[in-house]
Amino acid sequence: MAAGFPGARWDEGLSAKDRFEVWRDTLGRTRECEATSAHADSFEAELRYSELGPVAMFWTSFRSARFVRNERLVRRSDRQELYHLTLLTSGGQALTRGRDQRDKSGPGELSLMDNTTPYDVRVFGTGPEDARAAGVAIDIPQALLPVPGRLVGDLLGRRLPANEGSGALLAEFLLGLDRQAHTLGPAEAARLGTVVIDLVAAWAARELDALPALPQETQWRALMESVRGFIRHNLHDPDLTPATIAAAHHISLSHLHHLFTRHSGGETLAASIRRQRLQRAHRDLADPALRGVAIHLVAAACGLPRASEFSRAFKAAYGISPREHRSQALLHA
């Protein structure tokens, strides 16, 4: 299963001390290190763990902890070589890698490590005394990342922004994937694990100015995720068209159409935009918080400003009119 703790709280029935040990052991499935916390005897944390094919992903929130992977652990380890990527959403991190590489990171920043070099990482909440650190992390087999290790080495242990470009795309994808991981079956989880690897590869290559080093197929798959993210952010805009998407990604319209259809199971780009707009309108019309908003305004906010065209397309897609859908949904709300 994709979710590590389905159907119940991960710490159900555990004492505070046992909670820390279970939390530490879960992270240790891929991050083999010595974890300690000043709050171990009264430990509280949130934790979600997922397996996406060969990629491990977890989200966790906790007050503070220290993670040390010393030379002894590195030497004796028989585990596969991994890259550890962490995105902080709150709190801070102080990292020492090797003997003298040091850096700090905060919310909205990425850090990349490996398990073949000693490290000492302190993660802590900031602000009030009970503030927590939180973030999402992924672990990827080094052999599966299609970026030469000699290049990736220049990123290890550095604080890297995730607020623009491929870093922002990667961060958004990871946060969304974490929210939906519990709904995924094994096959879909494995497919999305491949997407994660592609996005990490594209992000790393851009940071290193080494995009030509990526296999062409990896570049294309990462480009398609960028296109999908662009569409999600601009569905509300009635001027969102294949032409504007192609221009935003600096590729020809014909190339965009070819790649999108190839990587979307045969669905065309225009059909995908129309389907997503109708899906958003279908969702919003069923939202009790929007019951006072006129149907044509709900449609316009989804990028469908022509009321008659929207009504026809909605009925063709769902078999009932927008008004009927709203009435039925709110009746059972």
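Scope of this entry: the structure provided in the associated data block. (Residues numbered from 1 in each chain as written. Predicted model: local features only at pLDDT ≥ 70, side-chain atom pairs only at ≥ 80, totals over all residues. Heavy atoms only, no water.)

### Structural notes on the pattern of salt bridges
Stage number 1. Summed over the entire model, instances satisfying the criterion amount to 18 salt bridges.
Stage number 2. Between R69 and E32 there is a salt bridge, with the nearest N and O atoms lying 3.5 Å from each other. Of this pair, R69 sits in strand β4 (residues 64–69) while E32 sits in the loop between α1 (16–27) and β1 (34–36); the two residues are 37 residues apart in sequence, bridging distant segments of the chain.
Stage number 3. Residue class for R69 comes out buried when judged on its relative accessible area of 2%.
Stage number 4. The residue R72 makes a salt bridge to E34 at a minimum N-O spacing of 2.5 Å. In this pair, R72 sits in helix α2 (residues 71–76) while E34 sits in strand β1, placing the two residues 38 residues apart along the sequence. (Salt bridge = Lys/Arg side-chain N within 4 Å of Asp/Glu carboxyl O. Helix = DSSP H or I, 4+ residues; strand = E, 2+ residues; numbered from the N terminus. Buried < 20%, exposed > 50% of the residue type's maximum accessible area, 1.4 Å probe, protein only.)

### Focus on the layout of surface pockets
Stage number 1. Counted as a void, the largest pocket has a volume near 1,000 Å³.
Stage number 2. Taken together, 29 residues form the lining of the largest pocket, with F173, R191, E225, R228 and R232 sitting closest to its centre.
Stage number 3. Of all the secondary-structure elements, those providing two or more residues to the lining of the largest pocket are α4 (165–180), α5 (186–207), α6 (216–234) and α9 (269–285).
Stage number 4. Residue classes in the lining of the largest pocket are distributed as nine nonpolar, eight polar and 12 charged.
Stage number 5. Taken as a whole, the second largest pocket spans an internal volume of roughly 590 Å³.
Stage number 6. If you go around the second largest pocket, you meet 24 residues; those closest to its centre are R206, A222, L223, S226 and H249.
Stage number 7. Contributions of two or more residues to the lining of the second largest pocket are made by α4, α5 and α6. (1 Å grid on protein atoms, 1.4 Å probe; cavity = no way out; pocket = protein on both sides within 12 Å on 5 of 7 lines; lining within 4 Å. Points joined across faces, edges and corners; volume = space filled by probe spheres on them. Nonpolar A, V, L, I, M, F, W, Y, C, P; charged D, E, K, R; others polar.)

### Comments concerning the pairing of strand β9 (residues 119–124)
Side-chain positions along a regular strand alternate between the two faces of the sheet.
Stage number 1. When β4 meets β9, the two strands line up antiparallel, connected through six bridges. Bridged to R69 within β9 is Y119.
Stage number 2. Bridge analysis of strand β6 (residues 92–97) against β9 gives six bridges, and the strand direction is antiparallel. Residue pairing for β9: L95 is matched across the bridge by V121. (Pairing = 2+ DSSP bridges.)

### Things to note about the packing of aromatic side chains
Stage number 1. Applying the stated criterion across every chain yields a total of eight aromatic pairs.
Stage number 2. Pairing W23 with F67 gives two aromatic rings, centres 6.1 Å apart and planes at 45 degrees, and the pair type is tilted. Note that W23 is positioned in helix α1 and F67 in strand β4, a separation of 44 residues in sequence. Residues W23 and F67 agree in their burial class; the two are buried.
Stage number 3. Geometrically, the ring pair formed by F314 and Y318 is tilted, given 4.8 Å between the ring centres and 45 degrees between the ring planes. With F314 and Y318 both in helix α11 (residues 307–318), this residue pair falls four residues apart, about one helical turn.
Stage number 4. Residue classification places F314 among the buried residues on the basis of a relative accessible area of 0%.
Stage number 5. On the accessibility criterion, Y318 (32% relative accessible area) is partly exposed.
Stage number 6. An aromatic cluster is built from F20, W23, F43, F62 and F67, whose rings are joined through pairwise contacts.
Stage number 7. Geometry around Y49 places R29 over its ring, the cationic atom sitting 4.4 Å from the centre. (Phe/Tyr/Trp six-rings, centres within 6.5 Å; stacked < 30°, edge-to-face > 60°. Lys NZ or Arg CZ within 6 Å of the ring centre and 35° of its normal.)

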